[in-house]
Amino acid sequence: MDYEDHIDRIADEENDEFSNDDLFNITSWGADPSVRELIMQYKEGDIEKPELQRKYVWKKKDASRFIESLLLGLPVPSIFLANMDPSGKRLIIDGYQRIRTLYDYIEDGIWHGDDSEFKLINSELINERWRGKAFNELPEADKRRLKNYTIHAIIFEQKHPSDDSGLFQVFERINTSGTSLNNQEIRNCVYQGAMNTLLFSLNTNSDWRVLFGDPVEDNRMIDLEFILRFFAMNTPEVYNSSAKQMSLKQLLNKYMQSNRALSDEEIAEMTLLFNNTISFIYSSYGDEAFFNLQKDLSKIRKTFHPAVYDSIMVATAIALSRGYINNGVNLADKRMELLLDQEYRTCIMQATMQVSNIHGRIARALSILYDMVL
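Residues numbered from 1 in each chain as written. Predicted model: local features only at pLDDT ≥ 70, side-chain atom pairs only at ≥ 80, totals over all residues. Heavy atoms only, no water.

## Overview of the overall build of the protein
Counting secondary structure elements, the protein contains 18 helices and nine strands. Residues classed as buried in the protein amount to 52% of the 374 residues present. By sequence separation, contacts in the protein at least 24 residues apart represent 73% of the contacts at least 6 residues apart. Per element, the accessible surface of the protein, about 17200 Å² overall, is 47% carbon and sulfur. (Helix = DSSP H or I, 4+ residues; strand = E, 2+ residues; numbered from the N terminus. Buried < 20%, exposed > 50% of the residue type's maximum accessible area, 1.4 Å probe, protein only. Contact = heavy atoms within 4.5 Å. Areas by Shrake-Rupley, 256 points an atom, 1.4 Å probe, with all protein chains shown as cover.)

And the structure:
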């Protein structure tokens, strides 16, 4: 499902940029492994895609033209790797599609897209000497040329601090593949651990899938970012903050980094919190719980609205933690009252990461929906 059709865009959140001195603590150096070496390192796990990274997204045409470029001896972009694992393994910052394509074509012989035999496309886009051929059908000289081709690699390492905060900015700035990584895909690379795994687990919640508006998990991890957003904003540090403005990107980065090593007990508590909150919202408000009104207030705009989502989620979690019990109140009507409230509308429609607006929309949701104060 297209993001533009499914989720309301909020300009100040999408234009959220930052830089800090952690970039000074990054070192890098170059290497020139052959295709043969890259395939062996990938096969043996010495270089690997980050845990649960996005799926292989290249089309057969893209993969075929990349392999043809190597056979022709043309230059190709560098790959980027990061030393992030005490075991000595390297994670792929940029280049997974290329490495996986080479592994599938040369080593596995199976096209990752549909599990068929991997043959270059039979098209005039490919030189006729290789058109429609699998690796084992290439002349021996071409096989050797392909495996001996060297691809420049740039390797990064963050010396300190150990939270990989600088590496997030490296990922953000240099990933250059046809479909660049978005913020949550980068977090999935940099902040691996229990929090990351928990997000994937919670993302399968059936009520959440309905409320998010798509039964299929998003292969760009947009849905995961919204689950993370709930946890990060459901903290006293956020709704009691005295700051003027927050960076959503930095807030989510810091929360995910600081919760990489959750205990089993913490995972159980967070799972219960999310599932109970989502279940209550779905049963009380229905599948339009996170929709906003059209600008003229005449009807519901059937798209997921980030600020409506975070305010109702956090307000509901707070209310349930205080023992809220619905004594016959029609909460669907209360939600319409909330969406028509001018103070609330101001807080969800502009400068949504201004702290006064974060406080304001959570407070109004808590007051109108549950008759409580923040």
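## Quick word on unusual backbone geometry
One non-glycine residue, M221, adopts positive backbone phi at about 70 degrees. Examined against the element boundaries, M221 turns out to sit in the loop between α10 (206-212) and α11 (222-233). Residue classification places M221 among the buried positions, given a relative accessible area of 3%. Even without being glycine, A351 reaches a positive phi, approximately 45 degrees. The topology assignment puts A351 in the loop between α17 (342-349) and α18 (355-370).

## Some points on the packing of helix α4 (residues 60-71) against helix α5 (residues 96-108)
Across the interface, α4 lies against α5 with an axial gap of 10 Å and an inter-helix angle of 80 degrees. The pairing of α4 with α5 is recorded here as roughly perpendicular in orientation. Residues A63, F66, I67 and L70 of α4 lie in contact with α5, whose contacting residues are R98, T101, L102 and Y105. A breakdown of the residues in the contact of α4 with α5 according to their chemical character gives six nonpolar, one polar and one charged. (Axes fitted to C-alpha atoms, helices over the stretch in contact; angles between N-to-C directions. Parallel < 35°, antiparallel > 145°, perpendicular 65-115°, else oblique. Nonpolar A, V, L, I, M, F, W, Y, C, P; charged D, E, K, R; others polar.)

## A word on the sheet that holds strand β1 (residues 26-31)
Taken in spatial order, the five strands make up an open sheet running β1-β7-β3-β4-β2, and their pairing is mixed. Only two strands of the sheet have a single partner each, and these edge strands are β1 and β2 (47-48). Two elements, β2 and strand β4 (residues 90-94), share two bridges in a ladder whose sense is parallel. Within β4, the residue paired with E48 across the bridge is L91. On top of the sheet, α5 reaches β2, β3 (79-83) and β4; it is set at about 115 degrees to β4, its chief contact. (Pairing = 2+ DSSP bridges.)

## Focus on the pattern of salt bridges
A complete count under the given rule lists 16 salt bridges for this structure. One salt bridge connects E48 with K89, and the closest N-O pair in it is separated by 3.8 Å. Taken as a pair, E48 in strand β2 and K89 in the loop between β3 and β4 lie far apart in primary sequence, 41 residues in all. According to the relative accessible area criterion, K89 is partly exposed, its value standing at 31%. One salt bridge connects R229 with D310, and the closest N-O pair in it is separated by 2.7 Å. Of the two residues, R229 sits in helix α11 while D310 sits in helix α15 (residues 306-321), which places them 81 residues apart along the sequence. Pair check on accessibility: R229 and D310 agree, each one buried. Connected through shared salt-bridge partners, R129, D142 and R145 make up one network. (Salt bridge = Lys/Arg side-chain N within 4 Å of Asp/Glu carboxyl O.)

## Some words on the nonpolar core
Inside soluble globular proteins, nonpolar side chains tend to come together where they are buried. Formed by 74 residues in total, the largest nonpolar core has its most connected members in M195, W208, F231, F274, F290 and Y370. At 10 residues, α15 tops the list of elements feeding residues into this core. In this structure M195 touches L228, F231, Y255, M256, N259, R260, L262 and M270, once residues within four positions along its chain are discounted. L71, I92, Y103 and L120 belong to the second-largest nonpolar core, a separate cluster that totals 34 residues. (Core = buried A, V, L, I, M, F, W, Y, C linked by side-chain atoms within 4.5 Å.)

## Thoughts on α15
In this model, α15 (16 residues) spans 22 Å end to end at C-alpha, consistent with the 22 Å of a helix rising 1.5 Å per residue. Extensive coverage of α15 is indicated by the burial of 14 of its 16 residues. Immediately downstream of α15, the backbone of G323 shows phi near 90 degrees, a positive value. (Expected span 1.5 Å × (residues − 1).)

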